[in-house]
Amino acid sequence: MKLVLMGFGNVGQGFVQILHDKAAALQQEQGFRAVIVGVATRSGGTLWHPDGLEPAALLAAARSGGWQHYPEQPGLRRDLSPLALIQHSGAEALLEASPTRLDDAQPALDYCLAAFAAGMHVILANKGPVALAYPRLLAAARAAGRDLRFEATVMAGTPCLTLAREALAGCTLYEARGILNGTTNYMLTQMSAGATYEAALAEAQRLGYAETDPTADVDGYDAAGKLLILAAALYGVSLRLSDLSVAGIRGLTPADLAAARQAGECYKLIARITPQGGSVGPQRLPLTHPLAAVHGSTNAITFTTDLMGEITLVGAGAGGTQTGFALLSDLLALQRRHGRQG
Ligand code: HSE
């Protein structure tokens with residue numbers, strides 16, 4: 001399957017590392033072989049080769065500081081704009097893994113629309129376009145007869161959307177509620193053990209959990225963006241950030257956390273969505289509450305349904321490998337649906 005990858009940060013590199021490490025197993029066990037024909041980053045430009053770029057060389061070039069370190073070879077082009085790369089790539093799918101913007105979702109939204117217009121499937125790790133423009137993306141996908149997938153946007157590779165949309169299809173989902181931001185859950189875990197806010201945030205950034213601008217994480221907007229995605233994908237409801245009540249963890253002090261601990265409680269950043277609306281905010285939970293045991297960058301979501309009661313999924317919520325895996329799982333789903341020719 002020929003692919004174009006937009007963005008080469010933690011997620012893009014995580015994905016390419018998986019392709020590199022598991023190429024033989026994916027081919028043998030899944031009959032899957034990916035060929036990355038194009039890559040683009042906002043600051044570093046693009047690379048395109050119709051026969052495919054070498055994963056190990058892409059990773060080495062990124063670690064050395066940019067595409068100028070990718071080895072020269074006949075047929076390699078470095079001069080395409082991101083849009084021209086999408087339009088002329090000859091790829092079957094666009095993977096959008098550039099930094100999320102929750103104000104206008106650009107330029108990723110235009111890239112996704114261009115990919116559909118060029119007859120490609122679109123798979124997103126970037127939350128912006130799905131959170132802000134899901135109906136537009138879906139209409140473009142349907143007009144092109146191509147697929148729109150975005151498992152990576154909520155709980156990384158933990159199959160939250162697949163569970164809700166496929167395994168639980170036929171149930172009415174009344175509510176989704178849980179811990180949907182890895183950075184803040186990691187920070188709260190570290191701070192409860194005595195770390196300062198600043199040290200905990202720096203470590204979350206170093207580990208690749210935080211957004212490029214971590215303001216969205218600590219102020220609750222990353223989790224809120226995920227609620228917009230859940231509202232659109234599960235309920236068919238288009239909400240805006242301003243429709244949600246959003247608070248983050250910035251105001252929590254070590255004294256607040258200590259007071260909670262003394263009372264046998266802990267703070268968690270809880271996100272909740274129903275077809276009527278939603279909220280994100282810190283809550284004190286008793287240590288006996290199941291969500292109190294969800295530590296570090298792990299996330300959890302509980303779906304309340306009519307036929308199955310409550311179903312809870314717990315797993316990785318952030319990280320390059322874990323989110324890169326979500327891109328792979330969407331690609332494998334595409335292959336199952338369309339066969340090897342995409
Ligand atoms: N910054 C996000 C988080 C990444 O910490 O959850 C995964 O969406």
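Thresholds, definitions, all that
Residues numbered from 1 in each chain as written. Predicted model: local features only at pLDDT ≥ 70, side-chain atom pairs only at ≥ 80, totals over all residues. Heavy atoms only, no water. Salt bridge = Lys/Arg side-chain N within 4 Å of Asp/Glu carboxyl O. Buried < 20%, exposed > 50% of the residue type's maximum accessible area, 1.4 Å probe, protein only. Helix = DSSP H or I, 4+ residues; strand = E, 2+ residues; numbered from the N terminus. Near = heavy atom within 4 Å. Polar contact = N/O pair within 3.5 Å; in protein donor to acceptor, adjacent residues only side chain to side chain. Areas by Shrake-Rupley, 256 points an atom, 1.4 Å probe, with all protein chains shown as cover. Nonpolar A, V, L, I, M, F, W, Y, C, P; charged D, E, K, R; others polar. Contact = heavy atoms within 4.5 Å. Domains from an automatic or database assignment. Buried area = accessible area lost by both parts, 1.4 Å probe.

1. What about the pattern of salt bridges?
Inference 1: For the coordinates displayed, the defined rule picks out 14 salt bridges.
Inference 2: The salt bridge involving E72 is made with R78; its shortest N-O contact spans 3.1 Å.
Inference 3: Exposure remark for R78: the relative accessible area of 32% places this residue in the partly exposed category.
Inference 4: As a salt-bridge pair, R149 and D330 come within 3.0 Å of each other at their nearest N and O atoms. Separated by 181 residues along the polypeptide, R149 in strand 6 (residues 148-149) and D330 in helix 12 (residues 320-338) bring together distant segments of the chain.
Inference 5: You can call D330 buried: its relative accessible area is 2%.
Inference 6: Ionic contacts of the salt-bridge type, sharing partners, join the residues K127, E211, D222 and K226 into one network.

2. Re the site of the ligand
Inference 1: The immediate surroundings of the ligand are formed by K127, N181, G182, T183, Y209, A210, E211, D217, D222, K226, G317 and A318.
Inference 2: In this structure, T183 approaches the ligand through a side-chain N or O atom, which is 2.6 Å from an oxygen atom.
Inference 3: Contact distances for the ligand include 2.9 Å between an oxygen atom and a side-chain N or O atom of K226.
Inference 4: In isolation the ligand offers 260 Å² of accessible surface; the protein chains occlude 94% of this area.
Inference 5: Looking at the shell around the ligand, the elements with two or more residues in it are helix 7 (182-192) and helix 10 (221-235).
Inference 6: Of the residues in the shell around the ligand, the class split is three nonpolar, four polar and five charged.

3. Things to note about helix 7
Inference 1: The element helix 7 is largely enclosed, with a buried count of eight among its 11 residues.
Inference 2: Where helix 7 is concerned, the buried positions are G182, T183, T184, N185, Y186, M187, L188 and M191.
Inference 3: Of the surrounding elements, those touching the buried residues of helix 7 are strand 7 (173-179), helix 8 (197-206), helix 9 (215-218), helix 11 (254-262), strand 9 (265-274) and strand 11 (298-305).
Inference 4: With its phi angle positive at about 110°, G194 sits one or two positions after the end of helix 7.

4. Re unusual backbone geometry
Inference 1: For the bond running from Q106 to P107, omega is 0°, close enough to zero to count as cis.
Inference 2: Examined against the element boundaries, P107 turns out to sit in the loop between strand 4 (93-96) and helix 4 (108-117).
Inference 3: A positive phi angle, near 65°, is found at A105, a position not held by glycine.
Inference 4: Tracing the backbone shows A105 in the loop between strand 4 and helix 4.
Inference 5: With relative accessibility at 3%, the residue A105 sits in the buried group.
Inference 6: Look at A156: it is not a glycine, yet its phi comes out positive at around 45°.
Inference 7: The topology assignment puts A156 in the loop between strand 6 and helix 6 (160-167).
Inference 8: Among the residues examined, A156 registers a relative accessible area of 2% and is labelled buried.

5. Details of the domain arrangement of the protein
Inference 1: For the protein, the assigned domains are domain 1 (2-157 + 321-338) and domain 2 (161-316).
Inference 2: Domain 1 and domain 2 are separated by 27 Å when their C-alpha centres are compared.
Inference 3: If you look at the interface, domain 1 gives 18 residues, while domain 2 gives 26 residues.
Inference 4: When domain 1 packs against domain 2, close to 1800 Å² is buried across both sides, 63% of that on carbon and sulfur atoms.
Inference 5: Here domain 1 and domain 2 share three salt bridges between them.
Inference 6: Across the pair E211 and K127 runs a salt bridge whose closest N-O atoms are separated by 2.8 Å.

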